[in-house]
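Structural overview for review
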Amino acid sequence: MRPIPKPMQVKDNSVVSFHYTLTNNEGEALDSSKGGDAFTYLQGSHMIVPGLETQMEGKAKGDKFTAVVAPA
C-alpha cells in the first residue's frame, strides 16, 4: 500500500495563492477577495505584509486560519 503524500507546504520560493478577508478591530470587512481571483505572491520575496508572510509559512492547500498582523 502506498503512503498518502503530504500536501505541499508554503516555504520560501513557493508561489502561493489565497483568498482573504481583511477586517478591522471591530470585525468590519475592509477588503476581500471573495467573489474574485485569489491573491498570488512568491513566498519569501517580501511582496506581502511581513507579519502575514511569516504566518503563511508551513500552511498547506485547504488550510484556513486567522492571521493577526500589527499595523506597523
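Here's a quick rundown of the structure.

Overview of the environment of Ser-33
Among the structural elements, Ser-33 can be located in the loop between β3 (29–32) and β4 (39–42). When its relative accessible area of 7% is taken as the criterion, Ser-33 is described as buried. For the pair formed by Ser-33 and Ser-14, sequence separation is 19 residues and the distance between their alpha carbons is 20 Å. Among residues more than four places away in sequence, those in contact with Ser-33 are Phe-18, His-19 and Tyr-20. There is a polar contact of 2.9 Å between the side chain of Ser-33 and the side chain of His-19. At 2.9 Å, the side chain of Ser-33 forms a polar contact with the backbone nitrogen of Tyr-20.

A look at the nonpolar core
Membership of the largest hydrophobic core is limited to seven residues, which are Val-10, Val-16, Phe-18, Tyr-41, Ile-48, Leu-52 and Met-56. When contributions to this core are tallied by element, the ones reaching two or more residues are β1 (15–18) and α1 (50–56).

Details of unusual backbone geometry
Of note in the backbone geometry, Asn-13 takes a positive phi value of approximately 70 degrees without being a glycine. Mapping Asn-13 onto the fold places it in the segment before β1. Classification of Asn-13 by relative accessible area gives exposed; the value is 64%.

Side note on the pairing of β3
Side-chain positions along a regular strand alternate between the two faces of the sheet. As judged from the three bridges shared by strand β2 (residues 21–23) and β3, these two strands associate in the antiparallel manner. Along β3, the bridge assignment pairs Thr-23 with Ala-29. The antiparallel pairing of β2 with β3 creates a hairpin that spans five residues between the two strands, and Gly-27 there sits at a positive phi of about 85 degrees.

Cut-offs applied
Residues numbered from 1 in each chain as written. Predicted model: local features only at pLDDT ≥ 70, side-chain atom pairs only at ≥ 80, totals over all residues. Heavy atoms only, no water. Helix = DSSP H or I, 4+ residues; strand = E, 2+ residues; numbered from the N terminus. Buried < 20%, exposed > 50% of the residue type's maximum accessible area, 1.4 Å probe, protein only. Contact = heavy atoms within 4.5 Å. Polar contact = N/O pair within 3.5 Å; in protein donor to acceptor, adjacent residues only side chain to side chain. Core = buried A, V, L, I, M, F, W, Y, C linked by side-chain atoms within 4.5 Å. Pairing = 2+ DSSP bridges.

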